[in-house]
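# Examination of the molecular architecture
Each chain is listed here by its residues.
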Amino acid sequence: MAKENYVLLVGELQGSPVIDRENCNAKYVIKTLRRNDKIDYPVISVYDAHLIDKAESFKEGDYIIVKGFLSTQEVTKGVVCPHCQEIVKSEGTVTEIYAIENQSIGKGYNLENIKEFSNTVIVLGSLCRDVEFRLLPNTGIPSAQYQLAINRKYHAKRQRDNFTDYPWVNSFGKQAEQDALRLETGSQVLIHGGIQTRNVQKTMVCDKCQKEFKAEDFVAEIVPYSVEYLNNCKFD
């Protein structure tokens, strides 16, 4: 079965990498620019010792090239209820950029000049749920959201028994209209796009005091530049 899950990022390092030698991992954030001039701040996760050594030498403002893949993990998150201080748990999917190579190329670059390849992702996968189509509030812009199942090409040290990832896709405008028209559960697509990062607010209910409150969460998802409809899609 064909596999494609590839990420290439070139961006400016924000702050300093967080190095955890005891657990053999490092994390850092880079500033990237998509083709539509949208700025994103993807979090890069590093688990290989020699790449951690490289990351430790990175300085704020350095431009970093990252080659990797999208890795997802189902996690339980805990949020403190502002009303009674109880820990409220919720299930969710965390998507990270798993680096298989990272390298500093120095300072002095301009994101505008490299936006064609500053934020690139290519994935081949099948929808594991139907498309959620809506018009965005205030703007009325069409939006289509769906989740893919992607077979992994690379081995992830922290997930030895997991060979499939489940990232979310969020398309807009005419692309969203076509996605809603053509796709359903089981449809296979090849997507060329970029990584969008954003903070979202979700409504939670405390089990203890039964009061609602808003909690902020950080998400990373794929925004397509193009979608190729392959198998099990709805064609005219």
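Before reading on, note that the structure itself is shown above.
Here goes a summary of the coordinates provided.

About the criteria used
Residues numbered from 1 in each chain as written. Predicted model: local features only at pLDDT ≥ 70, side-chain atom pairs only at ≥ 80, totals over all residues. Heavy atoms only, no water. Core = buried A, V, L, I, M, F, W, Y, C linked by side-chain atoms within 4.5 Å. Buried < 20%, exposed > 50% of the residue type's maximum accessible area, 1.4 Å probe, protein only. Contact = heavy atoms within 4.5 Å. Salt bridge = Lys/Arg side-chain N within 4 Å of Asp/Glu carboxyl O. Helix = DSSP H or I, 4+ residues; strand = E, 2+ residues; numbered from the N terminus. Phe/Tyr/Trp six-rings, centres within 6.5 Å; stacked < 30°, edge-to-face > 60°. Polar contact = N/O pair within 3.5 Å; in protein donor to acceptor, adjacent residues only side chain to side chain.

The tendency in soluble globular proteins is for nonpolar side chains to be buried side by side. Judged by nonpolar contacts, the single largest core of 36 residues is most densely connected at Y28, I44, V66, Y146, L148 and I191. Sequence-distant contacts of L148, that is, excluding residues within four places in its chain, are made with V123, G125, S126, L127, C128, D165, Y166, P167, V169, V189 and I191.

Counted by the stated rule, this structure contains 13 salt bridges. The residue R21 makes a salt bridge to D53 at a minimum N-O spacing of 2.8 Å. Linking R21 in the loop between β1 (4–20) and β2 (25–33) with D53 in helix α1 (residues 49–56), this pair joins segments that are 32 residues apart in sequence. The salt bridge involving K54 is made with E101; its shortest N-O contact spans 2.7 Å. Here K54, found in helix α1, pairs with E101, found in strand β6 (residues 87–104); they are 47 residues apart in sequence, far enough to count as distant.

For the rest of this paragraph, the subject is the packing of aromatic side chains. If you walk through the whole model with that rule in mind, you get 4 aromatic pairs. Measuring from ring centre to ring centre gives 5.6 Å for Y28 and F58, while their planes differ by 90 degrees; the resulting arrangement is edge-to-face. Of this pair, Y28 sits in strand β2 while F58 sits in the loop between α1 and β5 (63–80); the two residues are 30 residues apart in sequence, bridging distant segments of the chain. F58 sits in the buried class, given a relative accessible area of 5%. Aromatic rings pair up to connect Y47, F69 and Y98 into one cluster.

Here we come to the side chain of D217. Considering the arrangement of structural elements, one finds D217 in strand β13 (residues 212–229). Overall, the relative accessible area of 16% leaves D217 in the buried class. Not counting chain neighbours up to four residues away, the residues in contact with D217 comprise K77, R198, N199, V200 and K202.

On the secondary structure map, D40 appears in strand β3 (residues 39–40). Excluding its chain neighbours within four sequence positions, the residues that come into contact with D40 are I30, K31, T32, R34, N119, I195, Q196 and T197. Side-chain polar atoms of D40 contact the backbone nitrogen of T197, separated by 3.0 Å.

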